[in-house]
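# Structural description and commentary
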Amino acid sequence: MVYDIPEWALEAAARHGVEPYEIMQVLTGPGRRWPRPVRGKGNLPAVMIIGRTASGAPLAVVVRLVAQWEQQVIGVLPVIGTLLAEFEKWEEHHE
């Protein structure tokens, strides 16, 4: 899978203190990933992929399919609150 990360997505991630290599660690690293269907702006389908960076930080990366083997990153957020609790529960059952 090829991931395109537009400059505006990198700028948004940087506002949350997230580096480009951390995005790629979640998308392509060896850890488990929890994909969840979501809807983007204009009700467009997307996938939120929740995983951990190499340092263990939980991170959500939202992608949209642009071609058969290419996805575009459209959002990046640290995982906190209720979503973090749900992710940790999921991790417990998917070791």
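Structural data are supplied above this passage.
Being a predicted model, the structure only gives us computed values, none of them experimental.

## Observations regarding helix H2 (residues 20–28)
Taken together, the buried positions of H2 are Glu22, Ile23, Val26 and Leu27. Projected onto a plane normal to the axis of H2, the buried residues spread over an arc of 135° and lie on a single side. Among the structural elements, strand E1 (2–4), helix H1 (7–15), strand E3 (45–52), strand E4 (58–67) and strand E5 (70–78) are those in contact with the buried residues of H2.

## Some points on the packing of aromatic side chains
Overall, the coordinates contain three aromatic pairs when judged by the stated rule. Look at Trp34 and Phe87: their rings are 6.2 Å apart centre to centre, the planes differ by 20°, and that puts the pair in the stacked class. Residue Trp34 is located in strand E2 (residues 34–39), and its partner Phe87 is located in helix H3 (residues 81–92); the two are separated by 53 residues in the primary sequence. Geometrically, the ring pair formed by Phe87 and Trp90 is stacked, given 5.9 Å between the ring centres and 15° between the ring planes. With Phe87 and Trp90 both in helix H3 and three residues apart, this pair spans about one turn of that helix. You can call Phe87 buried: its relative accessible area is 1%. Owing to a relative accessible area of 15%, Trp90 belongs among the buried residues under this scheme. Taken together through their ring pairs, the aromatic side chains of Trp34, Phe87 and Trp90 make up a single cluster. For Arg36, the ring lying beneath its charged end belongs to Trp34, and the centroid distance is 4.4 Å.

Criteria and cut-off values
- Residues numbered from 1 in each chain as written.
- Predicted model: local features only at pLDDT ≥ 70, side-chain atom pairs only at ≥ 80, totals over all residues.
- Heavy atoms only, no water.
- Buried < 20%, exposed > 50% of the residue type's maximum accessible area, 1.4 Å probe, protein only.
- Helix = DSSP H or I, 4+ residues; strand = E, 2+ residues; numbered from the N terminus.
- Arc of directions from axis to C-beta.
- Contact = heavy atoms within 4.5 Å.
- Phe/Tyr/Trp six-rings, centres within 6.5 Å; stacked < 30°, edge-to-face > 60°.
- Lys NZ or Arg CZ within 6 Å of the ring centre and 35° of its normal.

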